[in-house]
Structure formats: C-alpha cells, structure tokens
Amino acid sequence: MFFAHSRRARLAGTGTAAATLLSAASLIALPTVAHAAPAATAVTITSPTGGKVAADTEKQVIIITVTGLTGATLDEGSVASVDLGADSDCQGLDFYIVTAATSLAVKTPTGGCAPTSGVASETIAINFANSGGTLTKALSGLIFVAPPALDSTAPVVTDMSSALNSSDQIKRFVSTGGQYVRVKADSNFTFSGAANSLSASLGGKPLTEVKVYKKTDGTLFTTAPSGTTENGNWFVGKTATGMASGNLSITHNGVTKTWNAADLGTSVVTVPVVTAMTPASGKINTATTVTITGTLTGATGVNFCGVAGTAFALNAAGTSISVKTPTTGIADDAAGLGSGNFSGVCPVKVVAPGGTNIHTATTAFSFFAE
C-alpha cells in the first residue's frame, strides 16, 4: 500500500496527461487474466491399497495422489474442499491435510460414506478456492464397502457351545489355541464364502480353517460370493496359540473392522494342557490311580464326568498329576447299569484358576463293568 501511495503522488505531480491517475472505475474495467481449468495426468487413490474403504464408518483416512497438475496448485491455501463420491454427506469435506505437493489425505466424516452403488468406483473431486475450479476424477478406484456387522447377542463363542442357550455359551478361549470359534453376523449382513474374501484373527493371531455356513442351510459350508442366497450369517475358524486378548478383527471383501474384547465379552485364559493320561480306563466302583501329564501349573483338582477325583497330587514342576477316580456320585446315563454303577466314557477336566483343559480324545476315561 505504501508503494502504491508514493506512485500516485509522483504521477499527480507531473501535470501531464500520460500521468493521469487511474480511477477506481478504470481499474475495475481492466481485463482479468483467465485461469486454465485444473487438469492432471492422473488422480489415484494410493491408500488404502486397492481403494476399498469401510462404508458408514467415520475417520477412515484416504490418500489421493495427483500427478501432473496444471491450472492449480495442491496446497493448504488453494484447496477449498474435497468430494468423496455420490453421498452428499461426503461432499464438500474441508478436513484434509495436504501431505505433499502431489497428495492430500482426507478423513471420512461422522457417520462415514454410504456404500458404493451403481458404479464400479466413486467420482472424486478436489475443489479449489477463489474460483479456482474443480479437478474431477470419475471411476477413481475409491470404493466404499459395507464392513462386517455382528449380532448384538453373544456373536463370538466357541463352536461347541453355539447350540446352547445364550447364557451358557462359552466366550473364553484358551491361550494355547486349538478351539473352534463361531462368529455370527447381524441379521442384515452376510459373510461371503468366496475364496480370499474373508479372514479373521482373535487376540492378534490369525484364525485358520475359516469356513462360512450357508444361510439357507446352517449345517453346510458355502463358497458362494457376496450377493447370493448362499451367503452365510456365521463363520467358524480355529484359534492359534499365543493369543493376547479376546479382540476380534475381521477382513471381509477388502475391508477390515475390529471389535474390543470388552464389547464382545470374550477373554483369553491360560488353562492346563493335557498331553497324556494313563490308564484311560478302569472298573466302576473302583478307585483307579490315573497319571496325567502336560502343562499343569496351578491345577487344583481333576473331575471325571464332573465329579472330583480323590488323592489329588500335583508335582512341584507342574507337569504331572496323580489322582484316583471317584467310586460314587457319577450320574447314570442311558448306558448306565443302575444307581451308582455308571458305565461309559467320562470327560476328564483338570481344574485351574483360569479354567479347565480342552477336552480331547486324550482326556476321555472309560468306566467298564467287568
């Protein structure tokens, strides 16, 4: 302003026509320099890889890279807002960071963006300030995918307990792994059984043998992709050793969502591991001495068909237990021989503060009458 003011004084002092001051009106009438519309050789989604983002989910970071930009500059002062597709709630977004001269990061708003529909991928736009125009990219590669949604009641339980009443279903998983976990989807969501479309981890460790049950027949598995009647509303997978928590993470059709153990009611506990048991059988009404070996530190007792054995003894190393089978108290079943004369196979459970061992063929004790 100071420079303009001095120039005016010098021009006015000459008294010549050539030095006549330009009026405000004449300044306004001067032609303005036309700006070229923004253009670029490429506009791509560089993160997340593959361009798939969880729909209806806030704070999902999307990085847009612009190559060969002309007619505008990519900086904080020149960018006014960003449109992330057809959802009006995701247009005119002004919470972004220009991370470099060729890229900017945008977060999805509260409530996220609606799933992509009717097109292969979204049209995105970078809107420049001061009438700088808009850089638009159709079929950008950005796809909003509906994330996994779980049932509100006991969605993560051991597979063997899934048929029980909700209050009896088991949500505790042993840190040594080897259990099958069943995960139930919300009624409005179905898991795809197509190859490479579904994976999950529990406690930071990947589940193996992941399979999806058919929705139309809950006893059969499916390999059908999304959008078919054979999609399943639950899947099963085998837990791995070394789990640190009950947190569950599911990746479905390229989108990952994680649930905290506190929200699921799941937990991971350290329980006894039985590697051998001898003998595996004995007579009814006879106290048979049984030796159990494995990782047994902290064990406080052994149950046969839910009835405590006697003469329990755990060695100092926590690797061996000596216990006698109970002679009374085991309830009769269909194969029983009368009151107090149970005959059949009993699950053997080593009791510890964290829970009991996983029942396997190794922990089956047979009572026989002869």
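Look up a bit, the structure's there.
Residues numbered from 1 in each chain as written. Predicted model: local features only at pLDDT ≥ 70, side-chain atom pairs only at ≥ 80, totals over all residues. Heavy atoms only, no water.

### Let's talk about the overall build of the chain
So, step 1. Of regular secondary structure, the chain possesses three helices and 30 strands.
So, step 2. Among the 370 residues that make up the chain, the fraction classed as buried is 37%.
So, step 3. Put simply, 59% of the contacts in the chain that link residues at least 6 apart link residues at least 24 apart.
So, step 4. Accessible area of the chain: about 19,200 Å², with a carbon and sulfur share of 56%. (Helix = DSSP H or I, 4+ residues; strand = E, 2+ residues; numbered from the N terminus. Buried < 20%, exposed > 50% of the residue type's maximum accessible area, 1.4 Å probe, protein only. Contact = heavy atoms within 4.5 Å. Areas by Shrake-Rupley, 256 points an atom, 1.4 Å probe, with all protein chains shown as cover.)

### Some details on the nonpolar core
So, step 1. Among the nonpolar cores identified, the biggest contains 24 residues, and Ile-64, Leu-84 and Leu-104 are the most heavily contacted of them.
So, step 2. Counting only elements with at least two residues in this core, the list comes to β1 (42–47), β3 (61–67), β4 (79–84), β5 (96–100), β6 (103–107) and β7 (124–128).
So, step 3. Contacts of Leu-104, omitting those with residues within four sequence positions, involve Ile-62, Ile-63, Ile-64, Leu-74, Val-79, Val-82, Ile-97, Val-98, Thr-99 and Ile-126. (Core = buried A, V, L, I, M, F, W, Y, C linked by side-chain atoms within 4.5 Å.)

### Regarding the side chain of Ser-249
So, step 1. By the element assignment, Ser-249 lies in strand β18 (residues 248–252).
So, step 2. On the accessibility criterion, Ser-249 (17% relative accessible area) is buried.

### Considering the sheet that holds strand β19 (residues 255–259)
So, step 1. Read from one edge of the open sheet, four strands run β14-β13-β18-β19, paired in antiparallel fashion. The open sheet has two edge strands with one neighbour each: β14 (205–206) and β19.
So, step 2. Of the pairings in the sheet, the one linking strand β13 (residues 198–202) to β14 comprises two bridges and is antiparallel in character. Along β14, the bridge assignment pairs Leu-202 with Lys-205. (Pairing = 2+ DSSP bridges.)

### What about the state of the cysteines?
So, step 1. A full pass over the atoms with the stated rule returns two disulfides.
So, step 2. With its sulfur 1.9 Å from that of its partner, Cys-90 forms a disulfide with Cys-113. Taking the torsion about the sulfur-sulfur bond, which here is approximately -110°, the covalent link between Cys-90 and Cys-113 counts as left-handed. Of this pair, Cys-90 sits in the loop between β4 and β5 while Cys-113 sits in the loop between β6 and β7, and the two are 23 residues apart along the sequence. Assigned by exposure class, Cys-90 and Cys-113 land together as buried.
So, step 3. In this model Cys-305 forms its disulfide with Cys-346; the gap between the sulfur atoms is 1.8 Å. On the S-S bond that ties Cys-305 to Cys-346, the torsion sits near -105°, and the link is left-handed. Here the residue Cys-305 occupies a position in the loop between β24 (301–304) and β25 (307–308), and Cys-346 occupies one in strand β28 (residues 344–352), the gap between them amounting to 41 residues.
So, step 4. Numbered in order of appearance, the disulfide-bonded cysteines of the chain are paired 1-2, 3-4. (Disulfide = S-S within 2.5 Å.)

### Describing the packing of aromatic side chains
So, step 1. Tallied over the full model, the rule gives six aromatic pairs.
So, step 2. Pairing Phe-189 with Phe-191 gives two aromatic rings, centres 5.6 Å apart and planes at 80°, and the pair type is edge-to-face.
So, step 3. On the basis of relative accessibility, which here comes to 10%, the residue Phe-189 falls in the buried class.
So, step 4. Residue Phe-191 is classed as buried on the basis of its relative accessible area of 0%.
So, step 5. On the numbers, 5.9 Å between centres and 50° between planes, the contact of Tyr-213 with Trp-234 is tilted. Residue Tyr-213 is found in strand β15 (residues 208–213), and its partner Trp-234 is found in strand β17 (residues 234–238); the two are separated by 21 residues along the sequence. In this structure, Tyr-213 and Trp-234 share a single accessibility class: buried.
So, step 6. An aromatic cluster is defined as three or more aromatic residues linked by ring pairs; in this entry it consists of Phe-189, Phe-191 and Phe-235. (Phe/Tyr/Trp six-rings, centres within 6.5 Å; stacked < 30°, edge-to-face > 60°.)

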